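Next come the chains, spelled out residue by residue.
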Amino acid sequence: MKDLQKVLISHGDSNAIHQIRDALAGGRYELEEASTAAETIEKLTAFHPDVVLADAGLKGMDGLGLMRHLASEPQPPLVVLITAKGLERTAVQALREGAHNFILWPFDAAELEAVTHNAVEQRRLLRENESYEEELQHALLRLRNSQAALVQAEKLGSMGKLVAGVAHELNTPLGALRSSTDTIERAARRLLAWARSQEPEIAGQVQPFIDILSTTAAQSKSACDRITGIVANLRQFAQLDRADLQRAHVHDSLESTLALLNHEFNSKVEVVKEFGDVPEIECSPRQLNQLFMNLLLNANEAIRQSGREQGVIRLRTWQQDDWLKIEISDNGVGISGKDMERIFDPGFTTKGGVKVGTGLGLPISYQIVKEHRGRIEVVSHPGQGSRFTIVLPLEQRL
Ligand SMILES: Nc1ncnc2c1ncn2[C@@H]1O[C@H](COP(=O)(O)OP(=O)(O)OP(=O)(O)O)[C@@H](O)[C@H]1O
Ligand SMILES: [Mg+2]
């Protein structure tokens, strides 16, 4: 059965209430009555009327006063004021203050029914509007979340491809460099063997060149080793050859991300590691790399913004029951209370200077942590620094 619309008749005269009930009989409305202002207010919470038919001269509070009171309710009912003939000015005033309509007493039954019906309909439409608006807000929120997720997937995908491409491109010249270094080394060794078979005078003349060749070859070799290390880090960062969800050590992710940021941090940022004895966890290392990259870059930028000569980024890991906690704290600018409410909103950034932010780092981080069924906690003191704590389950199916 369709829900009946609720009408509260608020009138000091029981005879009047009787007449109004008669006029509205016919089963279209659920009726309730109140004979004083206090009773009317009480019935607002108990009955939740859609429309109040209120006597302008109600006991305890006149109709206008009652109307003002009703307007302060969270979802106020519509008010139809009942006012005696000759008091039209009160009615006009009531309309100005937001009454839906008025009825002159004594009333015409058909008119009362028409005015009430109109009020009830308007109230229904208002309610419908409110719920559409709410739905719209929810849809908007869902859209923003999925947009952030899409951007994340896109960003992760293209970053992985870029890094993979760079690693691959580096491998070819690196191979060539290694092989020429080997050739120089071998030539130096043969030259040395030859020099030893010669007169000491000749050997003495050649020796400095052999030394130069050997030292240069050794330097090139160690440079090659460093490049090999960087390529390995890039590959580890992009996680090219590993499946998505696997058992991995977050320390490996942290270390490989730090290795990539080494150059960015240079001497201005000291990284202090307090790694606990923690187990491997079930996770997507590729995504965790991205998460740590976002948080470490933010920490570095916060330190630069603070103008501090020497910044510190502290990394702590420890296990608590079935959870792994990773804390990344910095002594940078910190986050104001007002900004704190928005830092996870896609597109929110306070970086508009030399380095422009896109405001996607934290929403992406949030998504990654959410996908791991974890959470992020943030504590920050403006001027002193911020602490981001990532809490991840050891297993994905707890
Ligand atoms: N460690 C931090 N210290 C101070 N403020 C921070 C920190 N981390 C985040 N914020 C604040 O949160 C905002 C949003 O961070 P988020 O990483 O999402 O975007 P961004 O760094 O501005 O841009 P990008 O998309 O390049 O990461 C930052 O602009 C900054 O105001
Ligand atoms: Mg950022």
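Predicted, not measured: the structure shown is a model, and the values here were computed from it.

Caption draft 1: Spotlight on the sheet that holds strand S3 (residues 51–55). Read across the open sheet, the five strands follow the order S2-S1-S3-S4-S5; overall the sheet is parallel. Looking at the sheet topology across the chains shown, the edges are occupied by strand S2 (29–34) and strand S5 (101–105). Shown here is a sheet whose adjacent strand axes are inclined to one another by a mean of 20°, direction ignored. Taken together, the four bridges between strand S1 (residues 5–10) and S3 define a ladder with parallel strand orientation. Within the sheet, the bridge partner assigned to leucine 8 lies in S3 and is valine 52. Along the sheet, helix H1 (residues 14–23) makes contact with S1, S2, S3, strand S4 (78–84) and S5, crossing S2 at roughly 175°. Of the strands in this sheet, S1, S2 and S3 are in contact with helix H2 (residues 37–47), which crosses S2 at around 145°.

Caption draft 2: Structural view of the side chain of histidine 251. Take histidine 251: it is sitting in helix H7 (residues 250–265). For histidine 251, a relative accessible area of 12% puts it in the buried group. Within the structure, histidine 251 has its side chain in polar contact with the side chain of threonine 317 (distance 2.8 Å). In contact with histidine 251, other than residues within four places in its own chain, are Phe275, Gly276, Val278 and Thr317.

Thresholds, definitions, all that
Residues numbered from 1 in each chain as written. Chains lettered and ligands numbered in written order. Predicted model: local features only at pLDDT ≥ 70, side-chain atom pairs only at ≥ 80, totals over all residues. Heavy atoms only, no water. Pairing = 2+ DSSP bridges. Helix = DSSP H or I, 4+ residues; strand = E, 2+ residues; numbered from the N terminus. Axes fitted to C-alpha atoms, helices over the stretch in contact; angles between N-to-C directions. Contact = heavy atoms within 4.5 Å. Buried < 20%, exposed > 50% of the residue type's maximum accessible area, 1.4 Å probe, protein only. Polar contact = N/O pair within 3.5 Å; in protein donor to acceptor, adjacent residues only side chain to side chain.

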